[in-house]
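Listed here are the chains, written in short residue letters.
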Amino acid sequence: QVQLVESGGGLVQAGGSLRLSCAASGRTFSMHIMGWFRQVRGKEREFVAAINWSGDTTYYANSVKGRFTISNDNAKNMVYLQMNSLKPEDTAVYYCAANEGGSYYTSALYDYWGQGTQVTVSS
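All values reported here derive from a predicted model rather than from experimental measurement.

What follows deals with the overall build of the chain. Helix and strand counts for the chain come out as 0 helices and 11 strands. Along its sequence from the N terminus, the chain presents helices and strands in the succession β-β-β-β-β-β-β-β-β-β-β. Computed over C-alpha atoms, the radius of gyration of the chain comes to 13 Å, within 12% of the 14 Å expected from 2.2 N^0.38 for 123 residues, which places it in the range of a compact globule. With the principal axes as the frame, the chain shows a C-alpha extent of 40 × 30 × 25 Å.

Written out as structure tokens, the structure is:
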């Protein structure tokens, strides 16, 4: 139905930057919300940021406000997460997600997920 593929993760020093990308394919016209979540082994998946597909509404977790920016390119079916001023506590597997409804924050309400990309921030 919808396929999502993340890329751009890697190892970076604290204070550095990374840009994650999410490529969507399939029945993308049905998507309404695109989100980024992250998860550390042994912990619950955490909301990071979300954007409606038209790109005029964004939401951020308090922990990343002012440091991360979510954006999209409708023509290319791409969603991005620019991460600046990275901290060791940002280390996690980052997942791109999409839903067909109006939920921004709750991972269980997203319909589609990518495979994840590892972000490691060294201290």
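Among the nonpolar cores identified, the biggest contains 37 residues, and Leu4, Met34, Trp36, Leu81, Met83 and Tyr94 are the most heavily contacted of them. Secondary-structure elements contributing two or more residues to this core are β1 (2-7), β3 (18-26), β4 (33-39), β5 (46-52), β7 (68-73), β8 (78-83), β9 (92-99) and β11 (117-122). In contact with methionine 34, other than residues within four places in its own chain, are Leu4, Cys22, Ala49, Ala50, Ile51, Trp53, Ile70, Val79, Cys96, Ala97, Ala98 and Tyr110.

Moving on to unusual backbone geometry. Unlike most non-glycine residues, asparagine 77 shows phi in positive territory, near 55°. Here asparagine 77 lies in the loop between β7 and β8.

Quick notes on the rules
- Residues numbered from 1 in each chain as written.
- Predicted model: local features only at pLDDT ≥ 70, side-chain atom pairs only at ≥ 80, totals over all residues.
- Heavy atoms only, no water.
- Helix = DSSP H or I, 4+ residues; strand = E, 2+ residues; numbered from the N terminus.
- Rg over C-alpha atoms; globule rule 2.2 N^0.38 Å.
- Core = buried A, V, L, I, M, F, W, Y, C linked by side-chain atoms within 4.5 Å.
- Buried < 20%, exposed > 50% of the residue type's maximum accessible area, 1.4 Å probe, protein only.
- Contact = heavy atoms within 4.5 Å.

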